[in-house]
Amino acid sequence: MKKRLHKWRLIALLGIVGLVLSGCGEPFLSALKPAGDVAQSQYDLLILSTLIMVLVIIVVIILFVVVLLRFRRKEGDETIPKQIEGSHKLEIIWTVIPILLLIVLAVPTVVTTFDLADTKAMDKKDKDGKTKDALVVNVRANLYWWEFEYPDLGVVTSQDLVVPTDRKVYFNLTASDVKHSFWVPSVGGKMDTNTEGVNQFFLEFDGEKAEDSNNVFYGKCAELCGPSHALMDFKVITKSKSDFEAWTKDMKASKEPVVEGDLAKQGEDVFNQSCIGCHAVTPNDSRPEAARQAPNLATFGEREKVAGVLDHTEENVKKWIKDPEKYKPGNTMTGTYGELSDSDINALAAYLLELKVEDK
């Protein structure tokens, strides 16, 4: 008896903990705190389906309790209850009700699915071949980093996706190596990035909700892609229309970085000998996609994370350069640049922290 009571107490405790934790979530990372029209539409469908399921459960429980109390066999009663086998009325009722519930769920689901799949705006080009009325971002997933190319703006970034608020942003999704999945939980559902073929969809970032999250959202890879899958994150930075235009202007006008200080200049020499073959240091990188083998470092000095996993400090930059495999197992940087001395690593870290566009 005591064991059974202990078991039920444990189940009740786990239920309470689950209920409490279901209310947790940050506005920059929670799918239950929608921050755009796409996320809101998907959230509404989630609520609708949940309400239908809860309604069915409640009705079944009520019927079960009524039958249990009203028709339970009384002591000494040996009569056979009235049989309802073959009742056309009941058969129609319990056939029609599920069909109606499915229709209630299916109609808005189908309508929303077609609305969210409408990317025709990406096909409207001007005489120069640029998209006329839509902002398009080419997303390329790699082991284990993200590249964001703005083809109509001539800008390439890595790890940090910069977008305007209150405007649809259209995405072309691909992968360089294995299947990944692009997901910004607060702003919309996930979509796979494949090595063959391009998936397209759009998101919209609500300006007011963006302010609530300090104009930063976090994205994830939602497809198991290797040992560092859980570390394949990216950051979404939202800007107002005018701020986004200013950011675009700065990125397009950016030139080869000019660093100050002997240590940083020494680091530039190390970079040009060991790293330049894979990494670019200007956001207006014109190299073809196949030549962009590693993250663009033009804004490295402005980032908040090193490789998306370490706090952005000089010491952590040195740790990452010295042993990237320790922090992101299976990454494609490990073993590609040979052995660097401690003095080379110190100089290279000083150089990388000088790479800025907006904070110059």
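Residues numbered from 1 in each chain as written. Predicted model: local features only at pLDDT ≥ 70, side-chain atom pairs only at ≥ 80, totals over all residues. Heavy atoms only, no water.

Caption draft 1: Geometry of the sheet that holds strand β3 (residues 155–158). In space, the five strands of this open sheet follow the order β3-β2-β1-β5-β8, with mixed pairing throughout. Two strands lie at the open edges of the sheet, namely β3 and β8 (199–204), each paired on one side alone. Averaged over neighbouring strand pairs, the angle between their axes works out to 25 degrees when direction is ignored. Here four bridges tie strand β2 (residues 145–150) to β3, and the two strands are oriented antiparallel to one another. In the strand pairing of β3, phenylalanine 148 is matched with threonine 157. Relative to the sheet, helix α5 (residues 241–253) contacts β1 (135–142), β2 and β3, its axis offset from that of β3 by approximately 100 degrees. (Pairing = 2+ DSSP bridges. Helix = DSSP H or I, 4+ residues; strand = E, 2+ residues; numbered from the N terminus. Axes fitted to C-alpha atoms, helices over the stretch in contact; angles between N-to-C directions. Contact = heavy atoms within 4.5 Å.)

Caption draft 2: Geometry of the pairing of β1. A large share of β1 lies buried, amounting to seven of its eight residues. Of the strand pairs in this sheet, β1 and strand β5 (residues 168–175) are connected by seven bridges, and their pairing is parallel. Looking at β5, one finds that leucine 135 is bridged to valine 169. Pairing between β1 and β2: five bridges, direction antiparallel. Bridging across to β2, asparagine 138 finds its partner in glutamate 149. Taking the residues between adjacent antiparallel strands as the criterion, β1 and β2 are bridged by two residues. (Buried < 20%, exposed > 50% of the residue type's maximum accessible area, 1.4 Å probe, protein only.)

Caption draft 3: Structural context of the UniProt feature "domain: Cytochrome oxidase subunit II copper A binding" (unreviewed entry) in the protein chain. Those residues carrying the UniProt feature "domain: Cytochrome oxidase subunit II copper A binding" (unreviewed entry) are residues 132–250 in this numbering. Taken end to end, residues 132–250 is 13% helix and 48% strand, and its first and last C-alpha atoms sit 22 Å apart. (UniProt positions renumbered as here; feature names shortened; annotations may be inferred.)

Caption draft 4: Here's a closer look at a negative patch on the surface. Taken together, Asp37, Asp166, Glu208, Glu211 and Asp212 make up a surface patch of like negative charges. The residue glutamate 208 is located in helix α4 (residues 207–212) in this model. (Patch = residues over 30% accessible without salt bridge, like charges linked within 9 Å, V, L, I, M, F, W, Y side chains within 5 Å. Areas by Shrake-Rupley, 256 points an atom, 1.4 Å probe, with all protein chains shown as cover. Salt bridge = Lys/Arg side-chain N within 4 Å of Asp/Glu carboxyl O. Lys, Arg positive; Asp, Glu negative; His and termini not counted. Charge placed at Lys NZ, Arg CZ, Asp CG, Glu CD.)

Caption draft 5: Representation of helix α2 (residues 37–70) within the structure. Helix length check: α2, at 34 residues, gives a terminal C-alpha distance of 49 Å against a target of 50 Å (1.5 Å per residue), a fit within 8%. Three or more residues of α2 are buried, namely Val38, Ala39, Leu45, Ser49 and Ile52. Buried residues in α2 make contact with α3 (88–116) and β8. (Expected span 1.5 Å × (residues − 1).)

Caption draft 6: Quick peek at the nonpolar core. Core analysis: the biggest nonpolar cluster contains 43 residues, and Trp146, Phe148, Tyr150, Leu161, Phe171, Phe182 and Leu203 have the highest contact counts within it. Residue assignment for this core shows that the elements contributing at least two residues are β1, β2, β4 (160–164), β5, β8, β9 (216–221), β10 (233–239) and α5. Residue contacts for phenylalanine 171: discarding those within four places in its chain leaves Met122, Val137, Val139, Leu161, Phe182, Asn199, Gln200, Phe201, Phe202 and Leu203. Counting residues in hydrophobic clusters, the runner-up holds 23 residues, among them Val270, Val281, Tyr327 and Tyr337. (Core = buried A, V, L, I, M, F, W, Y, C linked by side-chain atoms within 4.5 Å.)

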